[in-house]
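Listed below are the residues making up each chain.
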Amino acid sequence: MNSLISKDLEAAAQLLLNGNVVGVPTETVYGLGASIYNTTAIDYIFELKKRPKSNPLIVHTSSIEQVQKLTTAFPDKAKQLANYFWPGSLTMVLPKSATVPNQITANKSTVAIRIPNHPVFLKLIDLVGPIAAPSANPYERISPTTAKHVANYFPTGLPLILDGGSCEKGIESTIIGFDDHEVIVYRLGSISVEEIESIVGKVTVKNEVNGTYTSPGMVLKHYAPITKTIVTNSIEEYIDEFRNKKIGVIRFKDDSTFPNVAKQLTLSKKGDLTEAAANIYAFMHILDQLKLDFMLIEPMPNNSLGRSINDRLKRATHL
Ligand code: AMP
Ligand code: MG
């Protein structure tokens, strides 16, 4: 069965209600969606992605009422954050209710949940109910930000990939949890630590690349292109040293061109980190198609969304 890219929302809803897995658009990255109530479809997500069963999925809902049905506690800080960021790309880890199947949460007592901010995805959730969806990439690969990226990863095996355009945010949601009412950031993402702190005050970030992981998905090698990837400020030196190699370059804002480069891309000429985040995976997908010897990526300034992008780049280059 070839995976079909389509804008037919009703067809996608029907497929999900019949227990299929469908490619779904979100504002962060594309997902592999299934109704949370269909455990066969949930199993198939893990199989398609080759994702370890110990790595739980995020549940997407379209209302606070649904969130309350799926959780047993909603701390004050969670309410404040929900008011400010939902619908949006903030995922909260909360104590789960019995309604949430254990396969979704890897038998944990918590569920990671959010209300996404994508009109097509929200309509789909309204028709189907809560949808569990991890990113629509094979385990450890870069997340897809267009329907075409999903079809490239899964040319067969999905009855439908719902096309909702290019993802506005372009990197995954930020995942937070609560430890004795303290906010803990488990995964840096498309909402910056600074934005969260502007609502609830100081938070703790526990996703360090060399630390231990409270969030099971934060393994070191993740978000990796096939092409060997080097993150460096010394792009010119690499190009000089490897003159006979086929090299691709991604820069933050500078678009002055290097000689002897097969393809060079600039994330945001105006130096806007939001624009850079929206482009980073899409650009890595472009370079990954070119059969390069390696790609060189300039690190971002390490604040706001630059910190989230640098986190992904570190994981993309871990050997
Ligand atoms: P993905 O859907 O591919 O963006 O990955 C979802 C991530 O959410 C996983 O890698 C987990 O790290 C995280 N996650 C999901 N459920 C939980 C949970 N109950 N507690 C902590 N982290 C979670
Ligand atoms: Mg993922």
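What counts, and where the lines are drawn
Residues numbered from 1 in each chain as written. Chains lettered and ligands numbered in written order. Predicted model: local features only at pLDDT ≥ 70, side-chain atom pairs only at ≥ 80, totals over all residues. Heavy atoms only, no water. Buried < 20%, exposed > 50% of the residue type's maximum accessible area, 1.4 Å probe, protein only. Helix = DSSP H or I, 4+ residues; strand = E, 2+ residues; numbered from the N terminus. Pairing = 2+ DSSP bridges. Right-handed = clockwise from strand over helix to strand, strands pointing away. Core = buried A, V, L, I, M, F, W, Y, C linked by side-chain atoms within 4.5 Å. Contact = heavy atoms within 4.5 Å. Arc of directions from axis to C-beta. Polar contact = N/O pair within 3.5 Å; in protein donor to acceptor, adjacent residues only side chain to side chain. pLDDT = per-residue confidence, 0-100.

(A) Main features of the pairing of strand β10 (residues 182–187). Buried residues dominate β10, accounting for five of its six residues. Linking strand β9 (residues 174–179) to β10, which pair antiparallel, is a turn of two residues; within it Asp-180 sits at a positive phi near 50 degrees. With two bridges connecting them, β10 and strand β11 (residues 204–205) associate as parallel partners. If you follow Val-185 over to β11, its bridge partner there is Val-205. A crossover links β10 with its parallel partner β11, the connecting element being helix α7 (residues 193–200), and its sense is right-handed.

(B) View of the nonpolar core. Formed by 74 residues in total, the largest nonpolar core has its most connected members in Leu-81, Met-92, Ile-196, Ile-280 and Met-284. Residue contributions to this core peak at eight residues, all from helix α9 (residues 273–288). Discounting residues that sit within four places of it in the chain, Leu-81 has contacts with Trp-86, Leu-90, Met-92, Ile-176, Phe-178, Val-183, Ile-196, Ile-199 and Val-200. Counting residues in each nonpolar core, the second largest holds 14 residues, with Ala-13, Val-22, Ile-125 and Leu-162 among its members.

(C) A look at helix α1 (residues 9–17). Listing the buried residues of α1 in full gives Leu-9, Ala-12, Ala-13 and Leu-16. Summarising the axial view, the buried residues of α1 lie within an arc of 100 degrees, below the 170-degree limit, and thus occupy one face. Turning to α1, the residues buried within the fold contact β2 (22–24), β3 (31–35), α5 (119–128), β7 (131–132) and β8 (161–162). Its side-chain oxygen placed 3.3 Å from the backbone nitrogen of Glu-10, Asp-8 serves as the N-cap of α1. Once α1 finishes, Gly-19 follows within two positions and takes phi at roughly 90 degrees, a positive value.

(D) The arrangement of the confidence of the model for the protein in detail. On average, residues of the protein score 94 in pLDDT, and 95% of them reach the 70 mark or higher. Contacts for the low-pLDDT stretch residues 210–214, under 50 throughout, to residues beyond four places or in other chains number nine contacts.

(E) Local environment of the environment of Pro-116. Looking at the element boundaries, Pro-116 is found in the loop between β6 (110–114) and α5. On a C-alpha basis, the gap between Pro-116 and Glu-236 in space is 41 Å, while along the polypeptide they are 120 residues apart. In contact with Pro-116, other than residues within four places in its own chain, are Glu-27, His-60, Thr-61, Pro-87, Gly-88, Phe-121, Leu-122 and Ile-125.

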